[in-house]
Amino acid sequence: MASLSFKNIYKIYDGGVEAVKDFNLEIEDKEFVVFVGPSGCGKSTTLRMVAGLEDITKGELYIGDKLVNKVEPKDRDIAMVFQNYALYPQMTVRENMSYALKIARTPKDEIDKKVNEAAAILGLDEYLDRKPKALSGGQKQRVALGRAIVRNPRVFLMDEPLSNLDAKLRVQTRAEITKLHEKLETTFIYVTHDQTEAMTMGDKIVIMKDGLIQQVDSPTNVYFYPSNLFVAGFIGSPQMNFINAKVSKVEDKYIAQALGLNMEITHIHGKGLEQRGYLDKEIIIGIRPEHIYDATRQTPLQVSGDVTFLEMLGSEKYVYMDINGTEVLAKLNSDSAVERGSKTTVYFDQEKLHFFDAESEENIIYASK
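Residues numbered from 1 in each chain as written. Predicted model: local features only at pLDDT ≥ 70, side-chain atom pairs only at ≥ 80, totals over all residues. Heavy atoms only, no water.

Colleague: Which residues make up the overall build of the protein, and what values go with them?
Modeller: Secondary structure summary: the protein contains nine helices and 20 strands in total. Dimensions of the protein, computed from C-alpha atoms along their principal axes, come out at roughly 80 × 45 × 35 Å. Every one of the 369 residues in the protein was classed for burial, and the buried ones make up 50%. Put simply, 65% of the contacts in the protein that link residues at least 6 apart link residues at least 24 apart. When the accessible surface of the protein is summed, it comes to about 17700 Å², and 45% of that surface belongs to carbon and sulfur atoms. (Helix = DSSP H or I, 4+ residues; strand = E, 2+ residues; numbered from the N terminus. Buried < 20%, exposed > 50% of the residue type's maximum accessible area, 1.4 Å probe, protein only. Contact = heavy atoms within 4.5 Å. Areas by Shrake-Rupley, 256 points an atom, 1.4 Å probe, with all protein chains shown as cover.)

Shown next, in the form of structure tokens:
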């Protein structure tokens, strides 16, 4: 098995285009790490540098204790699973899974053993003699996984492997890959633009934007302690609400002037802002839609507004409100009495507010966590 160490990695293309900038990361042996971010953020480029499919412009990449910048892909002891499966259409499932072993002149008995073991893990036993055209998308993806498993690599690389599957299959295959990681006890690096995949699969999430790492943390910490405005908006569905505000101290209370209202925030948050010099300065307050409640769960921080739009999603209802000219989205239970066109009162969870610097966009209180 293997750990990975990225030291000041850059990828610069012709014309000076920096796809990846000063990338520093330590991945421990057997970790499941997810690179996530919008299209063009550099996550797939970074994965391809690990695979040896892209040259590293500057910096050092270690797999285990070995510097691999100049090591050929075939000598890195990694296996990669692509978005488009990359199966040979003329070969059976068994032949696809065993192809790399045959090229490596592995004895036939060993090939058969490894293919049968991988097929059993992935539930492909009955499909070994079929060709890819006779398989569903989910089955093709499992064959691609099987082809990687038989090589027993030190590191698995997966580049958006579920993006071609429908919603139901994505959920199912997501669970299968997570279980596979637990069985194989191997280092996994997984690339996706889907933050739900990142949150549900990774031990550690690496959030990227414009070639730069924005935050490296556990799914829980990324959700509760986003390092900046971008991470806060990218992680979570639907997206966090952002509200322009200014916080002042009135006697022993801390009051946020926001949404055309004076709203009391917790003493802990107010004290944290005061200690960092943010009283009476422009800041941005963040509140997730799931931390806004209707009358069934009241808090001291209540606001009223006009309901402009509703989205029904089975067990949930997305409620869009105009509060003194600012749109705020609340995520309520579907049986909530809130109706479109009505004026309603909702309640913000004071404990779950986030506070961001208006210029740097850094999380003022939790950025160091």
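Colleague: Which residues make up helix 4 (residues 137–149), and what values do they have?
Modeller: Taking 1.5 Å per residue as the helical rise, helix 4 with its 13 residues ought to reach 18 Å, and the 18 Å between its terminal C-alpha atoms agrees with that figure. For helix 4, the buried fraction is high: eleven of the 13 residues fall into the buried class. Taken together, the buried positions of helix 4 are Gly 138, Gln 139, Gln 141, Arg 142, Val 143, Ala 144, Leu 145, Gly 146, Arg 147, Ala 148 and Ile 149. In this fold, the buried residues of helix 4 make contact with strand 6 (78–81), helix 2 (93–103), helix 3 (108–122), strand 7 (155–159) and helix 5 (167–184). (Expected span 1.5 Å × (residues − 1).)

Colleague: Residues and numbers for the packing of aromatic side chains, please.
Modeller: All told, the structure shown has ten aromatic pairs when counted by the stated rule. Here the aromatic rings of Phe 32 and Phe 188 are separated by 5.3 Å at their centres, their planes lie at 35°, and the arrangement is tilted. With Phe 32 in strand 3 (residues 32–36) and Phe 188 in strand 8 (residues 187–192), this pair connects stretches of sequence that are 156 residues apart. Where Phe 242 meets Phe 356, the ring centres are 6.0 Å apart and the plane angle is 80°; that geometry is what we call edge-to-face. (Phe/Tyr/Trp six-rings, centres within 6.5 Å; stacked < 30°, edge-to-face > 60°.)

Colleague: Account for a nonpolar patch on the surface, with residues named and values stated.
Modeller: Together, Tyr 88, Tyr 99 and Ile 103 make up an exposed nonpolar region whose accessible area comes to about 280 Å². You can see Ile 103 is positioned in helix 2. (Patch = residues over 30% accessible without salt bridge, like charges linked within 9 Å, V, L, I, M, F, W, Y side chains within 5 Å. Salt bridge = Lys/Arg side-chain N within 4 Å of Asp/Glu carboxyl O.)

Colleague: If you had to explain unusual backbone geometry to someone new, which residues and values would you point to?
Modeller: Leaving glycine aside, a negative phi is the common case for residues, and trans is the common case for peptide bonds. At the junction of Ser 237 and Pro 238, the peptide bond is cis and its omega measures out at 0° in the coordinates. Mapped onto the secondary structure, Pro 238 falls in the loop between helix 8 (229–234) and strand 11 (241–250). Despite not being glycine, Asp 210 shows a phi value in the positive range, around 50°. On the secondary structure map, Asp 210 appears in the loop between strand 9 (204–209) and strand 10 (212–217).

Colleague: Summarise the sheet that holds strand 7; cite the residues concerned and give the values.
Modeller: Taken in spatial order, the six strands make up an open sheet running 6-7-8-3-9-10, and their pairing is mixed. For this open sheet the edge positions go to strand 6 and strand 10, each flanked by a neighbour on one side alone. Between one strand and the next, the sheet's axes are offset by a mean angle of 15°, whatever the strand orientation. Relative to strand 8, strand 7 runs parallel, the two being bridged by five bridges. Within strand 8, the residue paired with Leu 157 across the bridge is Ile 189. Across the sheet, helix 4 touches strand 6 and strand 7, and the angle it forms with strand 6 is around 175°. Here helix 5 sits on the sheet and contacts strand 3, strand 7 and strand 8; the angle it forms with strand 8, its principal contact strand, is near 160°. (Pairing = 2+ DSSP bridges. Axes fitted to C-alpha atoms, helices over the stretch in contact; angles between N-to-C directions.)

Colleague: Give a detailed account of the side chain of Glu 31, specifying residues and quantitative values.
Modeller: Along the polypeptide, Glu 31 turns up in the loop between strand 2 (17–27) and strand 3. Sequence-distant contacts of Glu 31, defined by excluding residues within four places in its chain, comprise Glu 26, His 181, Thr 186, Thr 187, Phe 188, Asp 203 and Lys 204.

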